[in-house]
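Structural overview
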Amino acid sequence: LSISYETGGYVDTLFPGDMLVPVYRAYGGDMLDVYDQTLQASKYVRQQSAPAVILYHGIIRRFGHAATDRQHAYLTEEDIQGMADTDVLASGIAQAVETMNATTYSEALDRFLEIQNLTKLAFD
């Protein structure tokens, strides 16, 4: 089940305090939180052979769902601009460099340029 729009709190009423279906919550703008909560939920599901729910909030959709998506019908101009101004990739790279020490900014830039070049070649 995927609900990718504001639910007015409805989704929070689906499994309140349900001991059989644990709910994990992750902030979509934080790759470490998404990874951690997804890992915890996956472990629970595999170990218990039981369902779990992961609620991702704060998901940034910079360009809508699809070309036919009419975001102005359900989002404010401020919401749309806020998503456009948020660079989830840059924050993920910052976490990889500053929190995880998994790479350097220079290495990340080199990898970005490599992927950019491969992408251009693929469409030539």
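Check the entry above for the structure.
Residues numbered from 1 in each chain as written. Predicted model: local features only at pLDDT ≥ 70, side-chain atom pairs only at ≥ 80, totals over all residues. Heavy atoms only, no water.

Observations concerning the pairing of strand β1 (residues 23–27)
- The alternating pattern of β1 places Tyr24 and Ala26 on a buried face, while none of Val23, Arg25 and Tyr27, on the opposite face, is buried.
- Here β1 pairs with strand β2 (residues 53–57) via five bridges, running parallel. Bridged to Val23 within β2 is Val53.
- Each parallel crossover has a hand, and the one from β1 via helix α1 (residues 31–48) to β2 is right-handed. (Buried < 20%, exposed > 50% of the residue type's maximum accessible area, 1.4 Å probe, protein only. Helix = DSSP H or I, 4+ residues; strand = E, 2+ residues; numbered from the N terminus. Pairing = 2+ DSSP bridges. Right-handed = clockwise from strand over helix to strand, strands pointing away.)

Some thoughts on unusual backbone geometry
- One non-glycine residue, Ser49, adopts positive backbone phi at about 50°.
- Counting through the fold element by element, Ser49 comes out in the loop between α1 and β2.
- Among the residues examined, Ser49 registers a relative accessible area of 68% and is labelled exposed.
- The backbone of Asn101 shows a phi angle near 50°, a positive value even though the residue is not glycine.
- Residue placement: Asn101 occurs in the loop between α3 (88–99) and α4 (105–122).
- The class of Asn101 is exposed, set by a relative accessible area of 63%.

Here we look at α1
- Across its 18 residues, α1 extends 25 Å between first and last C-alpha, which sits within 8% of the 26 Å expected from 1.5 Å per residue.
- The N-terminus of α1 is capped by Asp30, whose side-chain oxygen sits 3.0 Å from the backbone nitrogen of Leu32.
- Among the residues trailing α1, Ser49 stands out with phi positive, at a value near 50°. (Expected span 1.5 Å × (residues − 1). Polar contact = N/O pair within 3.5 Å; in protein donor to acceptor, adjacent residues only side chain to side chain.)

Fair warning: the whole summary comes from geometry, so function is off the table for now.
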